[in-house]
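Here's the letter readout for the chains.
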Amino acid sequence: MYVILAAFSFSSPIKPADFGQILDMLENKSISLNTVKKVLMLVVDGDQRSVADIVAQNNWHQITDETVLKEIFDSIIQENPKAVQQYRRGKVKVLKFFINQMHQKTEGRAEPLLVNKIVDEKLRQN
């Protein structure tokens, strides 16, 4: 966080309240670092909307609901039975495939640590 803070000067187009809101949303995992970059770019370019409005209107909220992510992963497993078999046979590299599928299905909005946990748990179950 300190690196980000050091980049702002007093003439920054980013209002302290907006920056505080960004940090709060990042801390409570409602947005990702990737989203922070996107929001900052828009604000620096002159977007006058609130940070919350930018995130909501662009559908950039991070998906942190474990139930939702498990349902998405269940559909990925059903769509890719061969990859599941490869994993069961010891091909660990297939994990990257499943993680990439989660990333694609959620348009990059799934919370990464939760995705890793779900992928690992679900593949061990099946």
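Read on for an overview of the structure. (Residues numbered from 1 in each chain as written. Predicted model: local features only at pLDDT ≥ 70, side-chain atom pairs only at ≥ 80, totals over all residues. Heavy atoms only, no water.)

Section: the overall build of the protein chain
For step 1, the next point in the chain: Broken down by element type, the protein chain carries eight helices and zero strands.
For step 2, the next point in the chain: Relative to a compact globule of 126 residues, whose C-alpha radius of gyration would be 14 Å, the protein chain shows 18 Å and is clearly more extended.
For step 3, the next point in the chain: Its C-alpha atoms put the protein chain at 60 × 25 × 20 Å along the principal axes.
For step 4, the next point in the chain: Going through the 126 residues of the protein chain one by one, you find that 35% of them count as buried.
For step 5, the next point in the chain: A sequence separation of at least 24 residues applies to 61% of the contacts in the protein chain between residues at least 6 apart.
For step 6, the next point in the chain: For the protein chain, the distance from the average position of its 17 positive side-chain charges to the average position of its 15 negative side-chain charges is 12 Å. (Helix = DSSP H or I, 4+ residues; strand = E, 2+ residues; numbered from the N terminus. Rg over C-alpha atoms; globule rule 2.2 N^0.38 Å. Buried < 20%, exposed > 50% of the residue type's maximum accessible area, 1.4 Å probe, protein only. Contact = heavy atoms within 4.5 Å. Lys, Arg positive; Asp, Glu negative; His and termini not counted. Charge placed at Lys NZ, Arg CZ, Asp CG, Glu CD.)

Remarks on the packing of helix α6 (residues 81-88) against helix α7 (residues 94-105)
For step 1, the next point in the chain: The geometry of α6 relative to α7 is characterised by a closest axis approach of 9 Å and an angle of 145 degrees between their N-to-C directions. Our pair here, α6 against α7, has a crossing hand that is left-handed. Touching A83, V84, Q86 and Y87 of α6 are V94, L95, F97 and F98, all from α7.
For step 2, the next point in the chain: Here the contact of α6 with α7 is built from residues that sort into seven nonpolar, one polar and no charged. (Axes fitted to C-alpha atoms, helices over the stretch in contact; angles between N-to-C directions. Left-handed = near helix turned anticlockwise from the far one by under 90°. Nonpolar A, V, L, I, M, F, W, Y, C, P; charged D, E, K, R; others polar.)

Points about the side chain of K122
For step 1, the next point in the chain: By the secondary structure assignment, K122 is in helix α8 (residues 112-125).
For step 2, the next point in the chain: Ignoring anything within four residues of it in the chain, the contact list for K122 reads K70, F73, D74 and I77.

Structural measurements only, silent on function.
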